[in-house]
Amino acid sequence: MRARVNEGTESEEKYYRLESDLEYDRNAILDYCSVGNYDHPFKGHFDGNGKTIHIVNEIDASTVRINRPDVALFGVIESSGTAVKNLNITGKISVAIEGADGSAAGLADYLKSGIIENCTFSGDVLATGIYNADAGGLVYTVSGDGIIRNCTFSGTVRVGCVSWQDWQTSIAGGIAHYCSGVIENCTVLHGSIISAMNDYSFISTYAGGITGIFNYESPLSRISGCTSDASIEYAFYKGGVIGRISTYERKYIDEIPDDLNVKVFDNTFTGAEYAIGRPKGNPREENPRYGFNGHTYKLFNESLTWQEAQEKCESMGGHLAAINSIEENEFIFTILDSSITQNDGGVWLGGYGTKGASGTSWQWVTDEPMNFTAWISGQPDYYESGHER
């Protein structure tokens, strides 16, 4: 099927139906890869029949050529009516390309036209690139004539850009990385993680529970009836539904248009303060919240003792942060203002030490043992009565 479509020898209106579950080793057939390309898009109709395609081995696309849409099961889709329906996909897709862009998606790379409905992806979609890194849980890009309907994502969408230029970006979305079409009645399940990082410019990171970027000016663009229960992590612009809004020319805008509710409505979300990502430091956000691994964090730039800081957190129903992994430690660093340094006293965390005959015992205010530590040289030195920054 893939070879016939990509070579242009398959009839455009052909119908396909999956009759049984499949195990799919993509590494063994990477040369042909996705069904449909720019020269010969998929124009047929594929019914997954409720069956599952399980990716046996991780799709390692480190040798994929730049700008080639061949990482997901389907590449370019240009169909009339329903293009893909009733299909479940499980597994892991990982794209790490040295010297190029990294992009990935769970089901399709580019939905130019047609409908994808009643499909699911369960697993991980990961992308790393030198210049840009972008990924969508189900579809990489849904264009103006494309519709994603009644689909579900469960798992992790994580992108990272190891760049050295401030114009390079990292964009992640639970359903799509970029939407100028329609996403309706889709769900990103609880426990999912949407994460975007950039080694050079933290500002150029966008993550949304449903889509990383939403083209507000596209005539047909709409997101409605969707639910995202994902944790939105790391990104500078993070939204429970949309990471950031763009114009038709893909110029980003920060001010929320007054009439946006005619295009984005009836959506519910958790894992972020706002439905649409706003930059850290925006005057409309006083002490914004950040989500990681099902927890919520706030940064307060106030001069307090450790005890005062803990009491303030408790009055809000929380506690000073307890760090239990290197991932959580890295996340904390992403939300710290650059002006807060060790010379300024640092920031209080929820750890404290108790001296005993056999030495000092450290633990968290949550009564968890301090199994993960990342002390800098010369620490701990009991900055304030057994508490450290």
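Residues numbered from 1 in each chain as written. Predicted model: local features only at pLDDT ≥ 70, side-chain atom pairs only at ≥ 80, totals over all residues. Heavy atoms only, no water.

A. Molecular detail of the overall build of the protein chain. When you go through the protein chain residue by residue, the secondary structure sums to three helices and 32 strands. For the protein chain, the proportion of its 389 residues judged to be buried stands at 51%. Within the protein chain, residue pairs in contact and separated by at least 24 positions form 79% of the contacts whose partners lie at least 6 positions apart. Element-wise, carbon and sulfur atoms account for 47% of the exposed surface of the protein chain, whose accessible area totals about 17700 Å². (Helix = DSSP H or I, 4+ residues; strand = E, 2+ residues; numbered from the N terminus. Buried < 20%, exposed > 50% of the residue type's maximum accessible area, 1.4 Å probe, protein only. Contact = heavy atoms within 4.5 Å. Areas by Shrake-Rupley, 256 points an atom, 1.4 Å probe, with all protein chains shown as cover.)

B. A look at the packing of aromatic side chains. According to the stated counting rule, one finds nine aromatic pairs in the structure shown. Ring centres 5.3 Å apart and planes at 50 degrees place the aromatic pair Tyr 206 and Tyr 237 in the tilted group. Of the two residues, Tyr 206 sits in strand S19 (residues 205-208) while Tyr 237 sits in strand S24 (residues 237-239), which places them 31 residues apart along the sequence. Across the pair, Tyr 237 and Tyr 206 agree in class, each one buried. Here the aromatic residues Tyr 16, Phe 42, Phe 46 and Phe 74 are joined through ring pairs into a cluster of three or more. (Phe/Tyr/Trp six-rings, centres within 6.5 Å; stacked < 30°, edge-to-face > 60°.)

C. The pairing of strand S9 (residues 108-117), seen in detail. Here S9 lies mainly inside the structure; eight of its ten residues are buried. Alignment of strand S6 (residues 74-85) against S9, held across seven bridges, turns out to be parallel. Paired with Val 76 across the bridge in S9 is Tyr 110. The pairing of S9 with strand S12 (residues 139-149) spans eight bridges and is classified as parallel. Bridge pairing in S12 links Leu 111 to Val 142. (Pairing = 2+ DSSP bridges.)

D. Seen up close, the confidence of the model for the protein chain. Of all residues in the protein chain, 78% attain a pLDDT of 70 or more, and the chain-wide mean is 81. For the protein chain, per-element mean pLDDT is lowest for strand S5 (residues 59-60), which scores 52, and highest for strand S16 (residues 182-184), which scores 97. Predicted confidence for residues 61-69 stays below pLDDT 50, and this span has 23 contacts to residues more than four positions away or in other chains. Note that residues 281-285 has pLDDT below 50 and, in this model, eight contacts with residues that lie over four places away or in other chains. (pLDDT = per-residue confidence, 0-100.)

E. Local environment of unusual backbone geometry. Of note, Tyr 234 is a non-glycine position whose phi angle comes to about 70 degrees, a positive value. Its location among the elements puts Tyr 234 in the loop between strand S23 (231-233) and S24. Looking at Tyr 234, the relative accessible area reads 3%, which means it is buried. Phi at Asp 367 takes a positive value of approximately 70 degrees, unusual for a residue other than glycine. Structurally, Asp 367 is set in the segment after strand S32 (359-364).

F. A look at the pairing of S19. What you see with S19 is no split at all: Thr 205 and Ala 207 on one side and Tyr 206 and Gly 208 on the other are buried throughout. Where S19 and S24 come together, three bridges link them in parallel fashion. Bridge pairing in S24 places Ala 207 opposite Lys 238.

G. Structural view of the pattern of salt bridges. One pass over the full model with this rule turns up six salt bridges. With a closest N to O distance of 3.9 Å, Lys 112 and Glu 78 form a salt bridge. Residue Lys 112 is located in strand S9, and its partner Glu 78 is located in strand S6; the two are separated by 34 residues in the primary sequence. Taking the relative accessible area as the measure of exposure, Lys 112 reaches 36% and is therefore partly exposed. Judged by its relative accessible area of 28%, Glu 78 is partly exposed. (Salt bridge = Lys/Arg side-chain N within 4 Å of Asp/Glu carboxyl O.)

H. View of the state of the cysteines. Under the counting rule described, the total for this entry stands at zero disulfides. Cys 119 supplies the cysteine sulfur nearest to Cys 151, a cysteine that is in no disulfide, at a spacing of 4.8 Å. Sulfur of Cys 179: no disulfide; nearest cysteine sulfur belongs to Cys 226 and is 9.0 Å away. On the basis of relative accessible area, Cys 179 is assigned to the buried category, the value being 0%. (Disulfide = S-S within 2.5 Å.)

I. Structural context of helix H2 (residues 306-315). Residues of H2 that are buried: Trp 306, Ala 309, Gln 310 and Cys 313. End-on view of H2: buried residues confined to an arc of 95 degrees, all on one side of the axis. At its buried positions, H2 is contacted by strand S31 (351-356). (Arc of directions from axis to C-beta.)

J. Geometry of the nonpolar core. Within the largest apolar cluster, 63 residues are counted, with the highest numbers of intra-cluster contacts made by Phe 74, Val 84, Leu 87, Ile 116 and Ile 183. When neighbours within four sequence positions are excluded, Leu 87 is seen to be in contact with Leu 18, Phe 46, Gly 48, Lys 51, Ile 53, Leu 73, Phe 74, Asn 118, Cys 119 and Thr 120. Judged by nonpolar contacts, the second largest core, of ten residues, contains Tyr 234, Ala 321, Ile 332 and Trp 362. (Core = buried A, V, L, I, M, F, W, Y, C linked by side-chain atoms within 4.5 Å.)

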